[in-house]
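Now for the letters of each chain:
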2 protein chains.
Amino acid sequence: MINRLVEKIKKTGAPIVVGLDPMLKYIPDQVKEKAYREYGETLEGAAEAVWQFNKGIVDCIYDLVPAVKPQIAMYEQFGIEGLKAFQKTVDYCKEKGLVVIGDVKRGDIGSTSEAYAVGHLGKVQVGSQEYAGFDEDFITVNPYLGSDGVKPFVEVCKKEKKGIFVLVKTSNPSSGEFQDRLVDGRPLYEAVGEKVAEWGADHMGDDYSYVGAVVGATYPEMGKVLRKIMPKAYILVPGYGAQGGKGKDLVHFFNADGLGAIVNSSRGIIAAYGQEQYARFGAEHFGDAARAAVEDMKADIAGALGFPFAVS
Amino acid sequence: MINRLVEKIKKTGAPIVVGLDPMLKYIPDQVKEKAYREYGETLEGAAEAVWQFNKGIVDCIYDLVPAVKPQIAMYEQFGIEGLKAFQKTVDYCKEKGLVVIGDVKRGDIGSTSEAYAVGHLGKVQVGSQEYAGFDEDFITVNPYLGSDGVKPFVEVCKKEKKGIFVLVKTSNPSSGEFQDRLVDGRPLYEAVGEKVAEWGADHMGDDYSYVGAVVGATYPEMGKVLRKIMPKAYILVPGYGAQGGKGKDLVHFFNADGLGAIVNSSRGIIAAYGQEQYARFGAEHFGDAARAAVEDMKADIAGALGFPFAVS
């Protein structure tokens, strides 16, 4: 799956992942109203609005980008109905040929991490039968519990040829509170980055590992250091756009081959229709606004990287 | 809810939470067979087995203990059907008067943590209506992202009078890999513990805070230090029993008032029927075996604490 992600990035020339984080406030009124007319102002109605919104976005961007990243919390907040919309979104994006990164940030002690891994990436045994649960291609993993909380994910990934992105340095303002604390004179995120390289060495694709890392665009200097510590890890970079990261901040997240990083934008794309820059599309054409925002993001990144990116 | 938990602990004399982590291998054959006869060897069948097993356990222990802790991964591995069984279990335990601690270990950047908080502890707004999603009483939270990842949970807790347990020092063998790293000459878990005390000061019940901590029974010396750092935090102590923690290891997790900690046991109780000690019950009476295991655990802890615990 990491090989497929790399291939798709090369083919699209867009090291971009679209974050499908459909908070209700980002969903145009006409989409919500239609869903509520059918299902009422219920959890089912909310889930329907989420799903229709996602579909509208995906239909307009699936040929431009290699991957999407649904944030499960935005679905889980609506309980079972929301999670059904998550499932539907994952399935639909895969049908459209997109790589799906489930942003689930799971992580627990060994046997429990194994259950999460099975439910999101692998297959669960029921009697003599095997079933896939949510079946994403990649998921994000929280490393706070250490190796025995992460390795069960790697084991399932090996079996399924899937991958994970481990939180190393997150994009939020207070990420430094623990992640930047100095251990043996170096920040904790470097220690985590070293472990990512170690876990990843155990499960390599052609050029990159199935074990990647999350490093926020909002911390470009740290990205530079981490790029060197984990040369074979794909870096998933959140924080571009709405959170403040810009194209020029991204340069050091990439390797000299122009690969090694994939940049996420969520509301900057899915809610583009609400920005002045894309207001001409109107709320009805939110998908077209998202497409224009993806194209602008692609140009911003290509400009910043300073070389023609797409060699399909 | 923290006041209610404390009250129930006093009343039952059992600072015990039963972990409802129903891996299929713990579920007696007759329960699985019945479920598979009805629903086939499907995700629905697995979910039915899980639910019937939980119900059998809960019916036999609900009057003995204050709380249960379903581990959501064990449900999530069966996808949507599994999560329906989680929901059913939460609802049923609440009906039975138990405090429900959802062991979900969620944690993300601000707006995303808010969505998780709303989905598990609060209410989500859909148009003019409000709905509770999974509606646990407490959940566990991962602090790796720092204050702005934790505070949205605290905010929802304030509104709903609910609580969280923040991972500080987990029970697993490799928890020390990051948690024990020295920052400013002290282990990281102490820094996290200090933050727990700080977050908790902002949301106090009568004697204890709504913001508690998770500290593994497998690390009693660290429990002793953390008890002092977070005097007002209730400590949720996993790792007793199957993971190796014993009654005598628990002493320092408690305060002088005999309160301040609640000890989890999962497979030691729910799969007691498979242990030699409780084999006399047979797999058919797995609930009675669980009840006997709870009573033994209660005696072990009371003996270790060295004072008559129950003053109802």
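Asks: What's the story with a negative patch on the surface in this structure? I'm lost.
Replies: A cluster of like negative charges, contributed by A:E7, A:D206, A:D207 and A:D257, occupies part of the molecular surface. Relative to the elements of secondary structure, A:D206 occurs in the loop between helix 9 (188-201) and strand 10 (211-215).

Asks: What exactly am I supposed to notice about the interface of chain A and chain B here?
Replies: Counting residues at the interface gives 72 residues for chain A, matched by 72 residues for chain B. Of the roughly 5,800 Å² buried at the junction of chain A and chain B (both faces included), carbon and sulfur atoms supply 61%. Linking chain A to chain B there are 7 salt bridges. A:E76 is the salt-bridge partner of B:R106, the closest N and O atoms lying 3.0 Å from each other. Our count for the chain A to chain B interface comes out at 33 residue pairs in polar contact (both at pLDDT 80 or more). A total of 7 residues in the side of chain A that touches chain B trace back to one element, the largest contributor, which is helix 6 (residues 110-120) of chain A. In terms of residue class, the side of chain A that touches chain B is made up of 34 nonpolar, 26 polar and 12 charged.

Asks: Any chance you could explain the side chain of A:K32 here in plain terms?
Replies: All names here are of chain A. Following the sequence through the fold, K32 ends up in helix 2 (residues 29-39). Taking the relative accessible area as the measure of exposure, K32 reaches 15% and is therefore buried. Among the polar contacts made by the side chain of K32, one reaches the main-chain carbonyl oxygen of L24 at a distance of 2.9 Å. Residues in contact with K32, not counting those within four places in the same chain, are L24, K25, I27 and A49.

Asks: Explain the pattern of salt bridges to me, please; I cannot follow it from the model alone.
Replies: Any two side chains of opposite charge can pair, on the condition that their charged atoms come close. Considering all chains together, one arrives at 43 salt bridges over all chains under this definition. Here A:D135 and A:K162 are joined by a salt bridge, their closest N and O atoms 2.6 Å apart. In this pair, A:D135 sits in the loop between strand 5 (129-132) and strand 6 (138-141) while A:K162 sits in the loop between helix 7 (147-160) and strand 7 (163-169), placing the two residues 27 residues apart along the sequence. Judged by its relative accessible area of 23%, A:D135 is partly exposed. Each member of the salt-bridge network shares a partner with another, and the members are A:K69, A:D103, A:K105 and B:D108.

Basis of the calculations
Residues numbered from 1 in each chain as written. Chains lettered and ligands numbered in written order. Predicted model: local features only at pLDDT ≥ 70, side-chain atom pairs only at ≥ 80, totals over all residues. Heavy atoms only, no water. Patch = residues over 30% accessible without salt bridge, like charges linked within 9 Å, V, L, I, M, F, W, Y side chains within 5 Å. Areas by Shrake-Rupley, 256 points an atom, 1.4 Å probe, with all protein chains shown as cover. Salt bridge = Lys/Arg side-chain N within 4 Å of Asp/Glu carboxyl O. Lys, Arg positive; Asp, Glu negative; His and termini not counted. Charge placed at Lys NZ, Arg CZ, Asp CG, Glu CD. Helix = DSSP H or I, 4+ residues; strand = E, 2+ residues; numbered from the N terminus. Contact = heavy atoms within 4.5 Å. Buried area = accessible area lost by both parts, 1.4 Å probe. Polar contact = N/O pair within 3.5 Å; in protein donor to acceptor, adjacent residues only side chain to side chain. Nonpolar A, V, L, I, M, F, W, Y, C, P; charged D, E, K, R; others polar. Buried < 20%, exposed > 50% of the residue type's maximum accessible area, 1.4 Å probe, protein only.

Purely geometric stuff here, so don't read any function into it on its own.
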